[in-house]
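# A look at the structure
Given next are the chains, with one letter for each unit.
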Amino acid sequence: MEAHVATPGGAPSIFEGAPGARAADRVFRSVLTALALGILALIVFFFVFLVVKANPALSRFGIFGFTFNNDWDVSRSTYGAWPLLVGTLITSGIALIIGVPVAIATALYINELCPRRLRGPLTVLVELLAAVPSVVYGLWGFLVLVPKLKGAQQSLADTFGFLPFVGGHVAGPSYFIAGLILAIMILPIVSAISREVMSTVPADHKEAALALGATRWEMIRTAVLPYSRSGVVGGAMLGLGRAIGETIAVTLVVGNAPQIGKSLFDQGYTLAAVIVNEFGEAATDRLHTGALIAAGLVLFVLTLLVNAAARALVSRAERRQRATGGAVPAGAAAAARVGA
Amino acid sequence: MTGDGFAASQTAAAAGEHGLSRSPQTRRPLVAQAPSASARPTKAARRVRLEGLDAYYGDNHALRGLDLEFEPNKVTAIIGPSGCGKSTMIRCINRMHEEIPGARAEGKVCLDQVDVYDPSVNVVAVRRAIGMVFQKPNPFPTMSIFDNVASGIRLSGASRADLRDRVERALRGAGLWDEVKDRLAEPGIGLSGGQQQRLCIARTMAVDPEVLLMDEPCSALDPIATLKVEELLADLKQRVTVVLVTHNMQQAARVADSTAFLLDGELVEVGATDEMFTQPKDSRTEDYVTGKFG
């Protein structure tokens, strides 16, 4: 667009913009490009750094050996991350099982059932849960939940002892307590996303259900839940990502025993907890440091996988909606973006 | 069947305890019915009578003391300019009005003898007895064609055994069966707008209502789809009382047995459709139907 357009009398054509504006445009564009590239470079650098620093451990045990070997013993310099990986999966799994139903119920209550005047305050209260520092959750779990719930856990373990991974001795700190704390910690985000998604359910659909003679619960089941399902799943995955990466609260209540616990109420360890606990003592030991960083790498890959799965789930739901000519539930799209 | 809970004996209704609750065992139908060949008793259309109906949105007084009667097995059209309270009025009949935050209604809406606003009346049973079709086709987007029609039947807790038959009957009743019988498992929102609206009619009729409310059902449809819905009305009124809100006066003239004209939340005139359009008694009606305003 730099070509000059001849005009009678040599006056500047309206097709020539002010040169200053063009320059600003170009600067703006290159600055943004540089920033975007910078973020990309940071991620690549981050990954490379982890791999290089983890190399001593990875080359000694092999990637598979390190990840799947059920033996983490600092005194013998043997590092297999399997008990940590399993601990991370168990605690986050418990968090999902307990936290997601409560979060969905909270979202439903706030959106569909509670008096309108309570809606604002309740939303703020739930979101306030996210403002509590995680170390405080950890302390509360350790000082309150662990002693108070010991009896309840023991009676649960005794009553349902016939189930696998339930019966037996109850340790104070345990997978279960860690999962419970994590459930409380993921509640705000899962509930906020669910609420957001549910508020995009068109009034048309809700009225359709009510006019058919649906009770409030039937209306929720027929109109609200199916429509918001993909978004809620996306929210749960985000919660899972948070639970997997949570460090300090879990460290305080999981017991920090580097073997796979025999039951739900046994002590264990997680990837994040082991890193924060052992990093100080590992400073002079290259192998130990490498093992911890490799544990970080495993954690990184795990969260990457969870996020990818969440995105895949949500975008599959979107494609299905598009294929049928329907509008994409806005909430699902939003959850996909947040999840990215 | 739970949906039959609406049927109340006249004496019980007179005694002030009527059958809009969901305990059907002891209720006898209001209108005596001949034993039907089908397993399911078909229900009779009912007379709907509004008595001194007022409706509010917060402080906004949208309907002012409406008295109006809808004959069973007839189509009554409600016409009037935008904002005159047409939609509000029919949403008061099946108590959907109160779903809007801040909205409330006063007065009586009687279904034969039973006031649907009576405190002892179960709102869910009211909506089962009084079906509604909305302005915009609103099939459930996550459900197949079959499930859309079945959704209302499933809600009423009816036996699953004859579900397929009832869905087929409802789709035939909406003139949609031949168009969709080979793709019942496909999503309802894959249909065209007109088909979607007939799907919604099938969904509503599948639960055997006694009254059918239609809130400008053709305003989002093209002329051919509109024609199909209008043709349906002649069949539908054999089974139910039809209340049709429309802003299309030609439509009212084509399909309605009687027509009511609303203005600013008040009833101006009601009468047989031909009289309303040829020799209205009120000058405002004449101005409206001849296109002087609205």
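Just so you know, these numbers come straight off a predicted model, no measurement behind them. (Residues numbered from 1 in each chain as written. Chains lettered and ligands numbered in written order. Predicted model: local features only at pLDDT ≥ 70, side-chain atom pairs only at ≥ 80, totals over all residues. Heavy atoms only, no water.)

Our next topic: the overall build of chain B. In terms of helices and strands, chain B carries 11 helices and 10 strands. Relative to its full complement of 294 residues, chain B shows a buried share of 55%. Of all intrachain contacts in chain B linking residues separated by at least 6 positions in sequence, the fraction that spans at least 24 positions is 65%. Summed over its atoms, the accessible surface of chain B is roughly 12200 Å², and 47% of this surface lies on carbon and sulfur atoms. (Helix = DSSP H or I, 4+ residues; strand = E, 2+ residues; numbered from the N terminus. Buried < 20%, exposed > 50% of the residue type's maximum accessible area, 1.4 Å probe, protein only. Contact = heavy atoms within 4.5 Å. Areas by Shrake-Rupley, 256 points an atom, 1.4 Å probe, with all protein chains shown as cover.)

Attention now goes to the overall build of chain A. Scanning chain A for helices and strands turns up 12 helices and 2 strands. The order of α-helices and β-strands along chain A, N terminus first, is α-α-β-β-α-α-α-α-α-α-α-α-α-α. Summarising the internal contacts of chain A: among those between residues at least 6 apart in sequence, 69% fall at separations of at least 24.

Time to look at the pattern of salt bridges. Residue and element names in this part refer to chain B. Tallying each qualifying case throughout the model produces 26 salt bridges over all chains. Measuring nitrogen to oxygen at the nearest pair gives 3.2 Å for the salt bridge that ties Asp112 to Arg46. In this pair, Asp112 sits in the loop between strand E4 (103-111) and strand E5 (114-115) while Arg46 sits in the loop between helix H1 (10-14) and strand E1 (48-57), placing the two residues 66 residues apart along the sequence. Across the salt bridge formed by Asp287 and Lys292, the nearest N and O atoms sit 3.9 Å from each other. Overall, the relative accessible area of 64% leaves Lys292 in the exposed class. (Salt bridge = Lys/Arg side-chain N within 4 Å of Asp/Glu carboxyl O.)

There is a patch of nonpolar side chains on the surface, built from A:Val135, A:Val136, A:Leu139, A:Phe142, A:Leu143, A:Ile248 and A:Val276 and spanning about 560 Å² of accessible area. Within the element layout of this structure, A:Phe142 appears in helix H5 (residues 134-159). (Patch = residues over 30% accessible without salt bridge, like charges linked within 9 Å, V, L, I, M, F, W, Y side chains within 5 Å.)

Below, the discussion takes up helix H6 (residues 175-198) of chain A. Residues and elements named next belong to chain A. Look at H6: 32 Å from first C-alpha to last across 24 residues, which is about the 34 Å you get at 1.5 Å a residue. The largest bend in H6 is about 40°, located at Ile186, with the proline Pro188 one to four residues further on. Counting buried positions along H6 gives 20 out of 24 residues, so the element sits mostly inside the fold. (Expected span 1.5 Å × (residues − 1). Bend = angle between axes of the 7 residues up to and from the residue.)

Moving on: the confidence of the model for chain B. Residue and element names in this part refer to chain B. For chain B, per-residue confidence averages 84 on the pLDDT scale, and residues scoring 70 or more make up 84% of the total. In this model, residues 1-19 is a region of pLDDT below 50 whose contacts with residues beyond four sequence positions or in other chains number 50 contacts. Of the two predicted TM-score estimates for the complex, the pTM is 0.79 and the ipTM is 0.82. (pLDDT = per-residue confidence, 0-100.)

Residues and elements named next belong to chain B. Considering the arrangement of structural elements, one finds Arg169 in helix H5 (residues 163-173). By relative accessible area, which is 39% here, Arg169 ends up partly exposed. It is 9.5 Å that separates the C-alpha atoms of Arg169 and Met205, two residues lying 36 residues apart in sequence.

Residues and elements named next belong to chain B. In space, the 4 strands of this open sheet follow the order E2-E1-E4-E5, with antiparallel pairing throughout. Each edge of the open sheet carries a strand with a single partner, namely strand E2 (60-70) and E5. Across 7 bridges, E1 lies against E2 in antiparallel orientation. By the bridge assignment, Ala55 is partnered in E2 with Leu63. Its contacts with the sheet place helix H2 (residues 86-93) against E1, E2 and E4, and it is angled at close to 65° to E2. (Pairing = 2+ DSSP bridges. Axes fitted to C-alpha atoms, helices over the stretch in contact; angles between N-to-C directions.)

Under the criterion given, the structure shown has 11 aromatic pairs over all chains. Seen in terms of ring centroids, A:Phe46 and A:Phe300 are 5.6 Å apart; in terms of plane orientation they differ by 90°. Their pairing is edge-to-face. Remark: A:Phe300 occurs in helix H11 (residues 286-323) and A:Phe46 occurs in helix H1 (residues 19-61); sequence separation between them is 254 residues. Aromatic side chains A:Phe61 and A:Tyr79 sit 6.2 Å apart centroid to centroid with 80° between the ring planes, which places their arrangement in the edge-to-face category. Separated by 18 residues along the polypeptide, A:Phe61 in helix H1 and A:Tyr79 in strand E2 (residues 78-79) bring together distant segments of the chain. Site record: aromatic cluster; members linked through ring pairs are A:Phe61, A:Phe66, A:Trp72 and A:Tyr79. Positioned above the aromatic ring of B:Tyr56 is the side chain of B:Arg104, whose terminal nitrogen or guanidinium carbon lies 4.2 Å from the ring centre. (Phe/Tyr/Trp six-rings, centres within 6.5 Å; stacked < 30°, edge-to-face > 60°. Lys NZ or Arg CZ within 6 Å of the ring centre and 35° of its normal.)

Moving on to the environment of A:Ala171. Residues and elements named next belong to chain A. Considering the arrangement of structural elements, one finds Ala171 in the loop between H5 and H6. Each C-alpha atom, one on Ala171 and one on Ser194, is 35 Å from the other, the two residues being 23 residues apart in sequence. Once residues lying within four places of it in the same chain are set aside, the contact partners of Ala171 are Lys150, Phe265, Asp266 and Gln267.

Okay, unusual backbone geometry next. Despite not being glycine, A:Ser77 shows a phi value in the positive range, around 55°. Of note, A:Ser77 is situated in the loop between strand E1 (72-73) and E2. A positive phi angle, near 60°, is found at B:Arg95, a position not held by glycine. Following the sequence through the fold, B:Arg95 ends up in the loop between H2 and E4.

The next thing to look at is the interface of chain A and chain B. With 22 residues of chain A at the interface, the matching set in chain B holds 27 residues. Between chain A and chain B, a total of about 2100 Å² is buried, with carbon and sulfur atoms accounting for 63% of that surface. Per-residue buried area on chain A facing chain B is highest for A:Glu207, A:Ala211 and A:Leu212; these three make up 30% of the total on that side. Across the chain A-chain B interface, the total number found is 4 salt bridges. For A:Asp204, the salt bridge goes to B:Lys136, with nearest N and O atoms at 3.3 Å. At the surface where chain A touches chain B, the tally comes to 5 residue pairs in polar contact (both at pLDDT 80 or more). Secondary structure elements with two or more residues in the side of chain A that touches chain B: helix H7 (203-211) and helix H8 (216-245) of chain A. (Buried area = accessible area lost by both parts, 1.4 Å probe. Polar contact = N/O pair within 3.5 Å; in protein donor to acceptor, adjacent residues only side chain to side chain.)

Residue and element names in this part refer to chain A. The N-to-C vectors of helix H3 (residues 82-113) and H6 enclose an angle of 40°; their axes lie 5 Å apart at closest approach. Relative to H6, the element H3 lies oblique. Of the two possible hands of crossing, H3 and H6 adopt the one that is right-handed. Split into classes, the residues belonging to the contact of H3 with H6 amount to 22 nonpolar, 9 polar and 1 charged. (Parallel < 35°, antiparallel > 145°, perpendicular 65-115°, else oblique. Left-handed = near helix turned anticlockwise from the far one by under 90°. Nonpolar A, V, L, I, M, F, W, Y, C, P; charged D, E, K, R; others polar.)

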